[in-house]
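Listed here are the chains, written in short residue letters.
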Amino acid sequence: QVQLVESGGGLVQAGGSLRLSCAASGHTFSIYTMGWFRQAPGKEREFVAAIRRSDGSTRYADSVKGRFTISRDNAKNTVYLQMNSLKPEDTASYYCAASKNTWYSGYDYWGQGTQVTVSS
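Residues numbered from 1 in each chain as written. Predicted model: local features only at pLDDT ≥ 70, side-chain atom pairs only at ≥ 80, totals over all residues. Heavy atoms only, no water.

## Quick word on the side chain of Arg67
Part 1: Structurally, the position occupied by Arg67 is in the loop between strand 6 (58–60) and strand 7 (68–73).
Part 2: Taking the relative accessible area as the measure of exposure, Arg67 reaches 10% and is therefore buried.
Part 3: Within the local environment of Arg67, its side chain forms a polar contact with the backbone oxygen of Ser85, the two atoms lying 3.0 Å apart.
Part 4: Setting aside residues no more than four positions away along its own chain, Arg67 makes contact with Gln82, Met83, Asn84, Ser85, Leu86, Lys87 and Asp90. (Helix = DSSP H or I, 4+ residues; strand = E, 2+ residues; numbered from the N terminus. Buried < 20%, exposed > 50% of the residue type's maximum accessible area, 1.4 Å probe, protein only. Polar contact = N/O pair within 3.5 Å; in protein donor to acceptor, adjacent residues only side chain to side chain. Contact = heavy atoms within 4.5 Å.)

Below you can see the structure in the form of structure tokens.
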């Protein structure tokens, strides 16, 4: 099993930045990718970004390309999401996830979520 704990959410004005962290524990050797998803009220959860733990390759949703950066520290079993140039439409609960074999869907483990609110 894998446990994921997110942190770093908060309130920020449009144009500002936040950095989210996700710490993984348990059987982390089984993880292929770690990713971030978000869910706004009344909407489905959507993919934001993911990183492959082996070589650091990344994938991003079109809506965040050029603004968000996902990174990893394998020694700490931690993944980060640096969010710059934030927009009100980025407001959502952000969830960390870990997958044994996928990039975009079918994730096996989920964190509890951290709220990001961007004001205008």
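## Remarks on empty space enclosed by the protein
Part 1: For the structure shown, the criterion picks out one cavity of 30 Å³ or more.
Part 2: Around the largest cavity, the lining residues are Met34, Ile51, Arg53, Arg72, Asp73, Asn74, Asn77, Thr78 and Val79.
Part 3: Secondary-structure elements contributing two or more residues to the lining of the largest cavity are strand 7 and strand 8 (78–83).
Part 4: Grouping the constituent residues of the lining of the largest cavity by class yields three nonpolar, three polar and three charged. (1 Å grid on protein atoms, 1.4 Å probe; cavity = no way out; pocket = protein on both sides within 12 Å on 5 of 7 lines; lining within 4 Å. Points joined across faces, edges and corners; volume = space filled by probe spheres on them. Nonpolar A, V, L, I, M, F, W, Y, C, P; charged D, E, K, R; others polar.)

## Considerations on the sheet that holds strand 1 (residues 2–7)
Part 1: Reading across from one edge, 1-3-8-7 is the order of the four strands in this open sheet, with antiparallel pairing throughout. Whereas interior strands pair on both sides, the edge strands pair on one side only; in this sheet they are strand 1 and strand 7. When strand polarity is set aside, the average angle formed by the axes of neighbouring strands in this sheet is 15 degrees.
Part 2: Of the pairings in the sheet, the one linking strand 3 (residues 18–26) to strand 8 comprises six bridges and is antiparallel in character. The residue bridging Ser21 from the neighbouring strand is Tyr80, located in strand 8. (Pairing = 2+ DSSP bridges. Axes fitted to C-alpha atoms, helices over the stretch in contact; angles between N-to-C directions.)

## Quick look at the pairing of strand 11 (residues 114–119)
Part 1: Of the two faces of strand 11, the one holding Thr114, Val116 and Val118 is buried and the one holding Gln115, Thr117 and Ser119 is not buried anywhere.
Part 2: By the bridge criterion, four bridges tie strand 2 (residues 10–13) to strand 11 in an arrangement that is parallel. Paired with Leu11 across the bridge in strand 11 is Thr117.
Part 3: Looking at chain direction, strand 9 (residues 92–99) and strand 11 are connected through three bridges and run antiparallel. Residue pairing across strands places Ala92 opposite Val116, the latter belonging to strand 11.

## Details of the pairing of strand 5 (residues 46–52)
Part 1: Most of strand 5 sits out of view: five of its seven residues are buried.
Part 2: Counted between consecutive antiparallel strands, the loop separating strand 4 (residues 33–39) from strand 5 contains six residues, among which Gly42 sits at a positive phi close to 75 degrees.
Part 3: Here three bridges tie strand 5 to strand 6, and the two strands are oriented antiparallel to one another. Bridged to Ile51 within strand 6 is Thr58.
Part 4: The hairpin formed by strand 5 and strand 6 contains five residues between the paired strands, and Gly56 there has a positive phi angle of roughly 80 degrees.

Function cannot be read off these values alone, since they describe shape.
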